[in-house]
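Working through the structure, step by step
So the chains spell out like this:
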Amino acid sequence: MSRQQPQPLADCFPEIERRIRAREAVSLFLDFDGTLTPLVGDPAEARLDAAVQRAIDRLSRKRNLNVTVISGRSLHDLHARIGLPYVIYAGNHGFEIKGPGLRFMQPIAGALRPELQDLCSRLAVSLSSIPGAKVENKVLTASVHYRQADPADVAQIEEVILASVKQNAARFRVSLGHQVFEILPVAGWNKGAAVNWIHDQLGGPTPITIYLGDDSTDEAAFRMLTGSITVKVGPLDPTSARYHSPGPAQVREFLLWLESIAFARAKAATR
Ligand SMILES: [Mg+2]
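Residues numbered from 1 in each chain as written. Predicted model: local features only at pLDDT ≥ 70, side-chain atom pairs only at ≥ 80, totals over all residues.

1. Section: the domain arrangement of the protein
So the rule is basically this: The domain limits used here are those given by an automatic or database domain assignment. For every residue pair, C-beta atoms are placed from the backbone, and the pair is scored as a contact if these atoms sit within 7 Å. Under the grouping applied here, Gly and all other residues not named as nonpolar or charged are polar, the nonpolar ones being Ala, Val, Leu, Ile, Met, Phe, Trp, Tyr, Cys and Pro and the charged ones Asp, Glu, Lys and Arg.
Entries for the protein in the domain assignment read domain 1 (8–106 + 189–262) and domain 2 (109–185). For domain 1 versus domain 2, the distance between C-alpha centres works out to 26 Å. Taken together, the contact between domain 1 and domain 2 spans 15 residues of the former and 16 residues of the latter. Among the residues making up the side of domain 1 that touches domain 2, the classes are represented as 4 nonpolar, 9 polar and 2 charged.

In structure tokens form, the structure reads like this:
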């Protein structure tokens, strides 16, 4: 597939504003780690900036503007970190979704919960001799974190994971994230499918979709969202996104700008 070089997001605010104003509704998707918050050594330490949180809250309360935070974290973890009432949460890479009037669990992933638990238990035993390798069972998907492992051990960690998942190759697959191996159910589902599901539920005018993410699993959404405002955050790796932003500091600027244009007119149109 041919890919165009993405445009620097910061240079394209006027064009993006024109595209937003041409539509009646906006659907904003935000990844969490590496997009809204800087990647930190211990994922438990990731905290949302107060101004970003406020901007997301205000945007999510606006009529015809929906905000979804979409992440590899579990729904519970994501909700605990953001805690805003009008935001839609898509956890476990979109395998579970919760928001005002919305509730979804991808059925194949749901049925595979016991097998994922077994896989995680076996992996925890196999990896127990490697310091810094940490298995996290997120119920519908799992992560093996290695940020705190010796870089010399990463190849061995990968080998152990691939060998375990290979025994269940029809049911699970491995995806490489930032200092993490993600174990995902084979379910014909991804973040792009989650975006479609959310839009089908919301109804109303067809929105202009804005999607910002830094993960390899965000690429499925970028590929599906042709004609949308897709933004690859972080290092400029090959991407199907249309725009590029260097990191969470620039995402913060974008969100504050988006808030300013969303509230520039029709101040009464909040719910
Ligand atoms: Mg991320």
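2. Side note on the sheet that holds strand S5 (residues 96–99)
This is how it is decided: Strands are labelled as partners when DSSP assigns at least two bridges between them. A run of DSSP states H or I qualifies as a helix once it reaches four residues; a run of E qualifies as a strand once it reaches two. Both are numbered from the N-terminal end. For helices, the fitted line uses only the C-alpha atoms of the stretch in contact; every axis is such a line through C-alpha atoms, and the angle between N-to-C directions lies from 0 to 180 degrees.
Read from one edge to the other, the open sheet built from 9 strands follows the order S1-S13-S12-S11-S2-S3-S4-S5-S6, with strand pairing classed as mixed. Looking at strand neighbours, the two that pair on one side only are strand S1 (7–8) and strand S6 (102–105), the edges of this open sheet. Relative to strand S4 (residues 88–91), strand S3 (residues 65–70) runs parallel, the two being bridged by 3 bridges. If you follow Val69 over to S4, its bridge partner there is Tyr89. Contacts from helix H9 (residues 248–262) reach S3, strand S11 (208–213), strand S12 (229–233) and strand S13 (243–245), with the element oriented near 115° to S13.

3. Overview of the packing of helix H5 (residues 113–126) against helix H6 (residues 154–166)
To be explicit about the condition: Working definition: roughly parallel below 35 degrees, roughly antiparallel above 145 degrees, roughly perpendicular at 65 to 115 degrees, and oblique for all remaining angles. By convention the crossing between two helices is left-handed if the near helix lies anticlockwise of the far one by an angle smaller than a right angle, and right-handed if it lies clockwise.
Where H5 contacts H6, the axes come no closer than 10 Å and their chain directions differ by 150°. Judged on the interaxial angle alone, H6 and H5 are roughly antiparallel. Crossing of H5 against H6: the hand is right-handed. Together, Leu119, Arg122, Leu123 and Ser126 of H5 and Val160, Ile161 and Ser164 of H6 make up the contact between the two elements.

4. Topic: H5
Counted only if it meets this: To estimate how far a helix should extend, the number of its residues minus one is multiplied by 1.5 Å. Put plainly, a residue is buried at 20 or more neighbouring C-beta atoms within 10 Å of its own, exposed at 12 or fewer, and partly exposed in between, counting only other residues' C-beta atoms, which are placed from the backbone. Note that the arc is defined by the directions from the helix axis to the C-beta atoms.
The end-to-end C-alpha separation of H5 is 20 Å, in line with the 20 Å expected for 14 residues at 1.5 Å each. Those residues of H5 that fall on the buried side of the exposure criterion are Leu116, Leu119, Cys120 and Leu123. Each buried residue of H5 lies within a common arc of 100° when the element is viewed along its axis, so the set occupies one face. Among the exposed residues of H5, those pointing more than 90 degrees away from its buried face are Pro114, Asp118, Ser121 and Val125. Along its buried surface, H5 packs onto strand S7 (134–137), strand S8 (142–145), H6, strand S9 (172–176) and strand S10 (180–185).

5. Some remarks on the pairing of S12
Filter applied, for reference: If you view a crossover with the strands going away from you and the path from the first strand over the helix to the second runs clockwise, you call it right-handed.
Along S12, 5 of the 5 residues are buried, which leaves the element largely enclosed by surrounding structure. What you see with S12 is no split at all: Ile229, Val231 and Val233 on one side and Thr230 and Lys232 on the other are buried throughout. Once you follow S11 into helix H8 (residues 219–224) and on to S12, the crossover reads as right-handed. One ladder, built from 3 bridges, connects S12 with S13; its direction is parallel. Looking at S13, one finds that Lys232 is bridged to His244.

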